[in-house]
Amino acid sequence: MCGVCGFIDLRGDSNSPENRATLSAMIAQLRHRGPNDSGSWVDDARSGVSLGHTRLSILDLSYEGHQPMVSASGRYVIVFNGEIYNHKDIRKDLEASTADTKWRGHSDTEVILEAISHWGLLESLERFNGMFAFALWDRQNRALHLARDRLGEKPMYYGWMGEVLLFGSELKALRAHSSWHGEIDRDSLSLFMRHNYIPAPFSIYKGIRKLPPATLITFRQHDRQRWPEPEIYWSAKLVAERGFAHPLQAGDELAEQQLHQLLLNAVALRMEADVPLGAFLSGGVDSSTVVALMQALSSRPVNTFSIGFTESGYDEATHARCVAAHLKTSHTELYVTSSEAMAVIPRLPQLYDEPFADCSQIPTFLVSQLARQHVTVSLSGDGGDELFGGYNRYFWGARIWKTIGWMPPALRATIAAALNALRPATWDTMTRWTGRVFPHMMPRMLGDKLQKLAEALPVTSPELLYRSLVTHWENPDRLVLDAHEPVTVLTDPARCATVADFSHYMMYQDTVSYLPDDILVKVDRASMGVSLEARVPLLDHRVVELAWRVPNGMKFRGGQGKWLLRQVLHRYVPREMIERPKMGFGVPIDSWLRGPLREWAESLLEESRLRQEGFFAPDPIRGKWSEHLARTHNWQYQLWDVLMFQAWLENERSASP
């Protein structure tokens, strides 16, 4: 894994001392993504093109894997972040097609360059199976190409600052350029307050964008300060629509065999490394499936890692320990105290570079930190929920709409009032009592879920119900001063897949928004923050394409999601070891805000401070803060959104000259 950065400076010579110093400063900001090596390249043609790279050596540890790398023909120069898992097969295809191919080493970066030289960029992207973000300079056509993998595992930011086009893996690299002048985009901030993340193509800064997954964008040297449209080379929308229109025509057993064989291959490809390798293990369906397949493919115990918390309802380490013992992995676990977890919070603004408020960012960083003490690569189980129907909202949402869709508004208002009559804490107390009588029957944090249901009752369509279920702050452009919430992939009907089933509608929307902009951002920044490469086998695009052909009845069965994926796992792990209510990978932010984090939060939410900074209307925030402290409502997620922006803003201003 690596960090990439660079720029095209239209003002002058890329070889100038100033430009070289600036490039070095950008590279230095990405050292955590690539501590083993770094390099730079500037075009000899006084084009203003400069490329920078930091390397975390995974394949071909020799200097032959050094970047920036020039193609054998001399036409292309690349800086590449990621892995092309099928690079050996592509190498064989190239050798069969071009007898004069001469290889310098065995890195996948070299294969990328020679594939592009032989087949062209678009065809090569269609052949690549991997996670990647790269910048490719075409010296012949004087064009810079930026490309990103299909599901959005690896990041790429870009944008114009005056006469300079900047790009890089993280915003901190762009901020190191001498032409940087970052202005906060209030419209993007309104998106953040709705979702707890900023969806692509937006970023927290005006003039800086994220390259969407599965796209390629080209900047030509003679086109000054233009904003070309990214070109799509793989469409999640088409994959979903084709899969829904042409479902698997196979019985349960055959479908399970197909998925099993494909997952084995996806995991095997991601186990290739010239450095120590392991896996995150929570004991849930997704991570347990990945680890089980790894162990089946390995002749030695697989390294697995989990963290635990002493807080009731947040500890998954015991489940992970049982799975690890059954599979006979080499398991390492670490129990983390509240103070140790909270010590991560001051690092979050710099780690994520822009406001990001998924509170599972804390345990994700901690388990990455633990794994990095033992391995350089760790496989993760992310993606199973979105592809195979694991989130509760997929079946609860469909049931809710079926129940309330016919109701007149007055009746909905009455039910909402009844749900709000009891505080969430009271519902949770009832849940704990009922759970003793009916174990595994009552969902965790029932009070919060019923509060969310009450908020969703007024909606008038299933699409608006989904939007309500994934919304933190309703009407965020009223909360963020002078903001107008932009249209996103979630609100543009033209970009939504046409699928007749509401559960699949929600799964698609999560796949193109929540998955790349929350889950994969969280994993990338947390792992790369400690120089660990995280690989996600369930997001092999072939698995994604198969998953969209799996009919509803093979995803949802017996009141649970992920039925087909569970059948694969049950080949290796006893059913009773896995079958339990779904837990989130979180921390007790709600109680921390009333206890050890209260003073910190109060300082960031202080009314005069909010008014002076001028980004938020203070009254809604202060109202939710008071209700949270009084335990009349649990507003942990909404408050965490505000706090993560405030902490990021404080860090931003302290870092400014």
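This structure is a prediction, so every number in the text was calculated from the model and none was measured.

Looking at the overall build of the chain
Counting its regular elements, the chain contains 30 helices and 17 strands. Expressed as a percentage of contacts within the chain between residues at least 6 apart in sequence, the contacts between residues at least 24 apart total 73%. Measuring between centres, the 70 positive side-chain charges of the chain sit 2 Å from its 77 negative side-chain charges.

A short note on the sheet that holds strand 2 (residues 37–42)
Read across the sheet, six strands follow the order 2-3-1-9-8-10 without closing on themselves; strand pairing throughout is antiparallel. Two strands close off the open sheet at either side, each with one partner strand: strand 2 and strand 10 (208–210). The average angle at which neighbouring strand axes cross in this sheet is 10 degrees, direction not considered. Note that strand 2 and strand 3 (residues 49–55) share six bridges and pair antiparallel. Following the sheet pairing, S38 is matched in strand 3 by T54. Relative to strand 1 (residues 2–9), helix 1 (residues 17–28) is tilted by about 155 degrees, and along the sheet it contacts strand 1, strand 2, strand 3 and strand 9 (164–168).

Things to note about the packing of helix 13 (residues 361–372) against helix 21 (residues 502–528)
Running from N to C, helix 13 and helix 21 cross one another at 40 degrees; their axes reach a closest spacing of 8 Å. In terms of their interaxial angle, helix 13 and helix 21 are classed as oblique. Here helix 13 runs over helix 21; the crossing is right-handed. Along the contact surface, helix 13 presents Q361, T364, F365 and S368, while helix 21 presents K522, V523, A526 and S527. Looking at the contact of helix 13 with helix 21, its residues break down into three nonpolar, four polar and one charged.

Section: the confidence of the model for the chain
Considering every residue of the chain, the mean pLDDT works out to 91; 93% of them sit at 70 or more. Counting interchain partners and residues more than four positions distant, the pLDDT-below-50 stretch residues 435–442 has four contacts.

Let's talk about the pairing of strand 14 (residues 303–309)
Across the seven residues of strand 14, six count as buried, placing the element largely inside the fold. Two strands pair when backbone bridges link them, and strand 13 (residues 277–280) and strand 14 are joined in this way by three bridges, in the parallel orientation. If you follow F280 over to strand 14, its bridge partner there is F305. Crossover handedness for the path strand 13 to helix 9 (residues 285–297) to strand 14: right-handed. When strand 14 meets strand 15 (residues 330–336), the two strands line up parallel, connected through seven bridges. When the sheet's bridge partners are listed, F309 is paired in strand 15 with V336.

What counts, and where the lines are drawn
- Residues numbered from 1 in each chain as written.
- Predicted model: local features only at pLDDT ≥ 70, side-chain atom pairs only at ≥ 80, totals over all residues.
- Heavy atoms only, no water.
- Helix = DSSP H or I, 4+ residues; strand = E, 2+ residues; numbered from the N terminus.
- Contact = heavy atoms within 4.5 Å.
- Lys, Arg positive; Asp, Glu negative; His and termini not counted.
- Charge placed at Lys NZ, Arg CZ, Asp CG, Glu CD.
- Pairing = 2+ DSSP bridges.
- Axes fitted to C-alpha atoms, helices over the stretch in contact; angles between N-to-C directions.
- Parallel < 35°, antiparallel > 145°, perpendicular 65-115°, else oblique.
- Left-handed = near helix turned anticlockwise from the far one by under 90°.
- Nonpolar A, V, L, I, M, F, W, Y, C, P; charged D, E, K, R; others polar.
- pLDDT = per-residue confidence, 0-100.
- Buried < 20%, exposed > 50% of the residue type's maximum accessible area, 1.4 Å probe, protein only.
- Right-handed = clockwise from strand over helix to strand, strands pointing away.

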